[in-house]
Amino acid sequence: MPKTRTLAPSSSWVELSTKPADWADAPPALLETMLSSMVLIRTFEEKVLDLAGQGLVHGPAHSAIGQEGGATGSAMAMRGSDQVNGSHRAHHQFLAKAYNFVAPDGLGHAQEFSPNIRSVSKRALSEILGLAQGYCKGRGGSMHLRWAEAGNLGTNAIVGGGVPMAAGAAWAHKRAGTGDVVFTYFGDGAVNIGSVLETMNLAAAWKLPVCFFIENNRYAVSTTVEEATAEPRLSSRGLAFGIPAWKVDGMDPLAVYLASVAATEHMRSGAGPTIIEADVYRFFHQNGPLPGSAFGYRTKEEEAHWRSRDPIDRVATEMAARQLIGDDALVALRTRAQALMDNISGELIEEHEGKRRIVPALWPSPDFRDFGIRGDLLELADARMVEQDEFAGEIVEKRFVDVIADVMDRRMAEDSRIVVMGEDVHRLKGGTNGATRGLSTAYPDRVLGTPIAENAFVGLAGGIAMDGRYLPVVEFMYPDFMWVAADQVFNQIAKARHMFGGDSEMPLVLRTKVAMGTGYGSQHSMDPAGVFATSVGWRIVAPSTPFDYVGLMNSALRCKDPVLVLEHVDLYSSKGPAPSGDLDYCIPLGKAKLLRQGTQMTVLTYLAMVRPVLEAIDRLGVEADVIDLRSLDRAGIDWKTIGPSIGRTNNVLIVEQGSIGTSYGGWLADEIQRRYFDLLDQPVQRVHGAEASPSISKVLEAAACAGPAEIEAGLRRVMADQGTPLDA
Amino acid sequence: MPALSAGMEEGTIARWLKAEGDTVEQGEIIAEVETDKAVMEFEAAQAGVLGKIVAREGATVGVNEPIAFLLAVGEQQESLIGISARAPPGPSPAVTSPAPDISKPVANGYHADRVKASPLARRIAARQGMAIAGLQGSGPNGRVVRIDVERAKTSSQTEAVATPVARAHTFTMEPAVHADEGPEGLPYRKVTHSQMRKTIARRLSDAKRTIPHFYLEAHCEIDALLDFRGALNEQANGRYKLSLNDFVIKAVALATQRVPEVNRSWTDEAMHVFDDVDIAIAVATDGGLITPVVRQADRKSLSALSTEISSLAARARAGALQPHEYQGGGITVSNLGMYGVSGFSAIINPPQSCILAVGAAERRPIVRGDACVPATVMTCTLSVDHRAIDGAVAATYLAEFKLLVEQPLQLLA
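It should be emphasised that the depicted structure is a prediction, and the values quoted were computed from it without experimental measurement.

### Description of the overall build of chain B
Part 1 of the argument: Check the secondary structure of chain B and you find eight helices and 19 strands.
Part 2 of the argument: Scored against the burial criterion, the 413 residues of chain B give a buried share of 31%.
Part 3 of the argument: Taking all contacts inside chain B whose residues are at least 6 apart in sequence as the whole, residues at least 24 apart take part in 61%.

So, in structure tokens, the structure goes:
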């Protein structure tokens, strides 16, 4: 019989509840502000449901009616420079923070609402209706509310999707030493998703001032919390990560406030993250103006029980007991709030031929559609752009991977905002390939080895980027890991600028190395360019020489958009032209390079395929324009170079290494045939890998990737199909 | 017909990308218009349905004349009854090929009667007035590709009489060629003017007629410059390869910087004085002369100039210059030295006031002291607009240029 010993978790887990003495001691102004804030939020959301019922809200209207205690109780513990983000159900959290921001001295229950309160309400309602005067110019709607000035970082329609970004903002606060904290709100449904759990771990490991605020409203749409987990006391999650946790009754706003004060104190002290679980209840269904019981997943009795615990009534009752408010004054407060919301919606809605409709002039203009998918690159306008053939200094042969480390060292020395993160980037003499050689010694607090949690750490970097004070350079050890991090890479980082109205920046650099040829098999051997090219917020560069790497990395670091910098293991160990000394020049994003001129075809290629293409055309004696694309994203395709070339050659071959499924050239071929159909003497031809992902077996891997033989076959095909076959 | 570039007076419809009845989005490209110097895309100013095309492909239309009618939402086609189309000049293409019978599918999905040809081959054949149907295709599945059309053209040119063939499709990116017979019975071919040809003709006639030209000639000794160029190119390691012309442009730019009085333009109202030294370079293309501009040439290094000039020239020959790349410029340089021309006088490129005509670098005997010695000499002739610039100023300018090419180290100063 083995012996067992009971182990205790390293962090605390407590349930906090109020006693009558706490209510008696609460400052009147605190209670008055809580009450007024919750009444405003409640009437605002009732107006949203009213409009939704009339078919005037396009898309979902996720109300939090009944849950105001969690939002208001926690917002009251924050200061203006603290920040929040939330999920698809976040009107209440957004408003609580925004009201708190515009009325830092509190809200009197008998006062007229200030113009600022009115403005917050109107801009929020406009956003939910999708109108131009909304916080995100109508782009975000109900589920993407962002008002950075007030500390609202942006709410999220992906369950748990905003949590890593909140940790990023917290990282920036910690690094800047401001003492500010971030509350990231999410529900019971989000507790089981990777983004949340990975971020809890990372935030605890790095002691970030972020509060994971769980609104446990017991239902993920209609699935109960007991169905979703064996431990429905969700604050228990903190024990696994060493995060102190509080469980409170969310229908008691004072209890939430007191827990939030304790949590905030803990975070401001530098002790790391916290968890608060607030038990709350949404009086309505997931979406729209019907109660959950109408859909049969809960009973009217249960709803009546929770309605009897209404957080607004609770505060009103406690205040009445202290003679801080009377029945008439409470009615007057509700009436004034309703009048405000009626008045606001009256400015947005009109009667037209007997039906109510949005005032047409308030819609965004349809030509606003694409604004802000990416920035305007004005940040590069004054950059010193230098190409290799006009470089004034000395060009020397250097190992590619050494130049990667050299330019990053140079930039980090010049720019203290830069922080490098990724798996093992701080060890092994510069990560697994030496690309970060020397950086962790020179900048120990700015080279962060991460846990193996790509989704969390790249999302955290996105949060840092959006904050703007620091500049994250993230490494994915292998490109295939983008699938692991897909939500943060494609839903969050790529879309944030556009989704939140087009003005917010996302200056982030993501480095990764294509590893075809190393025998790492199906899950480590992709070229990610094709997939990233579908995600329009990303810019992509793929330098084929050390010289170009320096210039393109410098441009990527200046750029205010997320930039994927592609590297290749074959290039790492190769030597190529590199600048001697000068590591400060830039190369424009969106500029290809014509490497060879000829009349028989235009070959478009990039990264490690450039050299074998040049060798193949020399070997076969083909007269071809060879264009190194260098920038691969849709906005970065250099039609000014490609178009005239096709005009001269009338034949196009796109060469890439990776397998066809995720390949890059398909969209480019499509774009070329649409632009230049009449110039083409044959369909756009392509060289790419096979259908299968590369296998570990050396022979099978070589068969799966495009190499010199496939390039030669492609060149021969293009020559044959224009009626001039090459000699065998 | 919109004014697609400054000073455009008329344009030719190169191609319609939309047919009558097609829905058109705002901003969508509906036609290609050949202007003086380029084929430009024409975007719809507003959405609607293309009701009636009144200017057919090949038709030349004045600016602000209608080319088509766009029906707004709700407007009916009937409102356009009575409006007739304007066809291109010359014999209208007769469509004689029978309607293809598409009811006979053959192996691998191709219709037996459909002629398989690449888009480029079709375009070249249409331009040449050549039928594709009879050609032997050397591409996949017997597809007719460019080389087949070119081979057919070469062989047909050896025949005494080319039979004009009916064209189902006209494409007038380049002039259409018609066989014809002159009034005196002399055979000739009538080649319709391209917009570019017409523009060159009009502008240079105006220039020669209205500008009082005077001409200054200088014989520049350039042995030192050639040595200097050779040394620079030797040290370039392939990073650049400077041509004699690159040095000439550099010298013109620096001379202009030193004698800015030549960098101006005469108008009846006032003198237009330019601050930037922008040098236009005459480039011969298949369609005619075009003058791309190197901006702020005085501030650029020789290698940067060289790269930019090659790029501009290559794109000029490809017809790919953007309007902003060939508009403006204070002074033009025209170099015919590579054709062995010893010297020549050029016509000023309005509204500029000077053009420098550069001849070949030739070994010539020159008198130094009392001895006759061989030297490499390049004759340069400056044509000057006397309305804007007087003789002494122009002479100072040319002397400055001569100094710079004869003492080339100054080009680096």
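Now, onward.
### Looking at the overall build of chain A
Part 1 of the argument: Secondary structure summary: chain A contains 26 helices and 23 strands in total.
Part 2 of the argument: Computed over the C-alpha atoms, the radius of gyration of chain A is 29 Å, within 12% of the 27 Å expected from 2.2 N^0.38 for a compact globule of 728 residues.
Part 3 of the argument: Within chain A, the proportion of its 728 residues that are buried is 57%.
Part 4 of the argument: For chain A, long-range pairs separated by at least 24 residues make up 78% of all intrachain contacts whose partners lie at least 6 apart in sequence.

### Things to note about helix α4 (residues 91-102) of chain A
Residues and elements named next belong to chain A.
Part 1 of the argument: The end-to-end C-alpha distance of α4 is 16 Å, a good match for the 16 Å that twelve residues give at a rise of 1.5 Å each.
Part 2 of the argument: Within α4, eleven of the twelve residues are buried, which leaves it mostly tucked inside the rest of the structure.
Part 3 of the argument: Against α2 (28-53), α3 (68-75), β2 (83-85), α5 (115-129) and β3 (182-187) lie the buried residues of α4.

### Observations regarding the interface of chain A and chain B
Part 1 of the argument: The partner chain B presents 20 residues to the 17 residues of chain A that form the contact.
Part 2 of the argument: Broken down by element, the residue count for the side of chain A that touches chain B peaks at four residues, all from helix α23 (residues 639-649) of chain A.
Part 3 of the argument: Here the side of chain A that touches chain B is composed, by residue class, of four nonpolar, seven polar and six charged.

### Observations regarding unusual backbone geometry
Part 1 of the argument: A cis amide bond links proline 350 of chain B to the next residue, proline 351 of chain B, at an omega of 5 degrees.
Part 2 of the argument: Mapped onto the secondary structure, proline 351 of chain B falls in the loop between β17 (331-335) and β18 (354-368).
Part 3 of the argument: Positive phi values are uncommon outside glycine, yet leucine 428 of chain A reaches one of about 55 degrees.
Part 4 of the argument: Owing to 14 C-beta atoms within 10 Å, leucine 428 of chain A belongs among the partly exposed residues under this scheme.

### With respect to the nonpolar core
Part 1 of the argument: Counting 227 residues, the largest nonpolar core has Leu95, Ala167, Ala170, Ile276, Val420, Ile540 and Val565 of chain A as the members making the most contacts within it.
Part 2 of the argument: Top contributing element to this core by residue count: α2 of chain A, with eleven residues.
Part 3 of the argument: Counting 67 residues, the second-largest nonpolar core is a separate cluster that includes Ala55, Ala251, Val262 and Leu398 of chain B.

### Describing the packing of α2 of chain A against helix α13 (residues 327-348) of chain A
Residues and elements named next belong to chain A.
Part 1 of the argument: At their nearest, the axes of α2 and α13 sit 9 Å apart, and the two run at 40 degrees to each other. With respect to α13, the axis of α2 lies oblique. Where α2 crosses over α13, the handedness of that crossing is right-handed. Listed contacts from α13 to Ser36, Val39, Leu40, Thr43, Phe44, Lys47 and Leu51 of α2 are Leu333, Arg334, Ala337, Gln338, Met341 and Ser345.

### Notes on helix α6 (residues 163-176) of chain A
Residues and elements named next belong to chain A.
Part 1 of the argument: With 14 residues, α6 ought to run about 20 Å at 1.5 Å a step, and its terminal C-alpha atoms sit 20 Å apart, in line with that.
Part 2 of the argument: Across the 14 residues of α6, twelve count as buried, placing the element largely inside the fold.
Part 3 of the argument: Of the positions making up α6, those classed as buried are Val163, Pro164, Met165, Ala166, Ala167, Gly168, Ala169, Ala170, Trp171, Ala172, His173 and Lys174.

### Topic: the environment of glycine 519 of chain A
Part 1 of the argument: With respect to the helices and strands, the residue glycine 519 of chain A is situated in the loop between β15 (509-514) and α19 (529-533).
Part 2 of the argument: As a C-alpha pair, glycine 519 of chain A and lysine 698 of chain A span 179 residues in sequence and 6.4 Å in three-dimensional space.

### Some remarks on the pairing of strand β22 (residues 652-655) of chain A
All names here are of chain A.
Part 1 of the argument: Along β22, one buried face is formed by Val652 and Ile654 and the opposite face, lined by Leu653 and Val655, is buried too.
Part 2 of the argument: Where strand β20 (residues 601-605) lies against β22, three bridges are found, and the strand directions are parallel. Bridging across to β22, leucine 604 finds its partner in isoleucine 654.
Part 3 of the argument: As paired elements, β22 and strand β23 (residues 685-687) share three bridges and run parallel to each other.

### As for the sheet that holds β20 of chain A
Residues and elements named next belong to chain A.
Part 1 of the argument: Across the sheet, which stays open at both edges, the five strands sit in the order β19-β21-β20-β22-β23 with mixed pairing between neighbours. Edge positions in the open sheet fall to β19 (593-596) and β23, since each of these has one partner strand only. With strand direction ignored, the average angle separating the axes of adjacent strands in the sheet is 25 degrees.
Part 2 of the argument: Strand contacts of α23: β19, β20, β21 (624-628) and β22, with the helix running at about 165 degrees to β21, the strand carrying the most contacts.

### Some details on the sheet that holds strand β5 (residues 48-53) of chain B
Sheet strands pair by backbone hydrogen bonding; their relative direction is either parallel or antiparallel.
All names here are of chain B.
Part 1 of the argument: Reading across from one edge, β2-β5-β7 is the order of the three strands in this open sheet, with antiparallel pairing throughout. In the strand order of this sheet, the two ends are held by β2 (23-24) and β7 (68-71), each with one partner.
Part 2 of the argument: The pairing of β5 with β7 spans four bridges and is antiparallel. Paired with lysine 52 across the strands is phenylalanine 69, a residue of β7.

### Focus: the packing of helix α14 (residues 400-414) of chain A against helix α20 (residues 546-558) of chain A
Residue and element names in this part refer to chain A.
Part 1 of the argument: At a minimum axis separation of 9 Å, α14 and α20 run at an interaxial angle of 30 degrees. As for how α14 packs across α20, the hand of that crossing is right-handed. Between α14, through Phe400, Val403, Ile404, Val407 and Arg411, and α20, the contact on the second element is made entirely by Pro546, Tyr549, Val550, Met553, Asn554 and Leu557.
Part 2 of the argument: Here the contact of α14 with α20 is built from residues that sort into nine nonpolar, one polar and one charged.

### Section: the environment of aspartate 503 of chain A
Part 1 of the argument: Within the fold, aspartate 503 of chain A resides in the loop between α18 (496-499) and β15.
Part 2 of the argument: Given 14 C-beta atoms within a 10 Å radius, aspartate 503 of chain A is considered partly exposed.

### So, the confidence of the model for chain B
All names here are of chain B.
Part 1 of the argument: Per-residue confidence for chain B gives a mean pLDDT of 82; residues scoring 70 or more make up 83%.
Part 2 of the argument: Scored below 50 in pLDDT, residues 90-111 shows 26 contacts in the model against residues more than four places distant or in partner chains.
Part 3 of the argument: As scored by the predictor, the complex reaches a pTM of 0.70 and an ipTM of 0.73.

Cut-off values and rules
Residues numbered from 1 in each chain as written. Chains lettered and ligands numbered in written order. Predicted model: local features only at pLDDT ≥ 70, side-chain atom pairs only at ≥ 80, totals over all residues. Helix = DSSP H or I, 4+ residues; strand = E, 2+ residues; numbered from the N terminus. Buried ≥ 20, exposed ≤ 12 C-beta atoms within 10 Å, placed from the backbone. Contact = placed C-beta atoms within 7 Å. Rg over C-alpha atoms; globule rule 2.2 N^0.38 Å. Expected span 1.5 Å × (residues − 1). Nonpolar A, V, L, I, M, F, W, Y, C, P; charged D, E, K, R; others polar. Core = buried A, V, L, I, M, F, W, Y, C linked by C-beta atoms within 7 Å. Axes fitted to C-alpha atoms, helices over the stretch in contact; angles between N-to-C directions. Parallel < 35°, antiparallel > 145°, perpendicular 65-115°, else oblique. Left-handed = near helix turned anticlockwise from the far one by under 90°. Pairing = 2+ DSSP bridges. pLDDT = per-residue confidence, 0-100.

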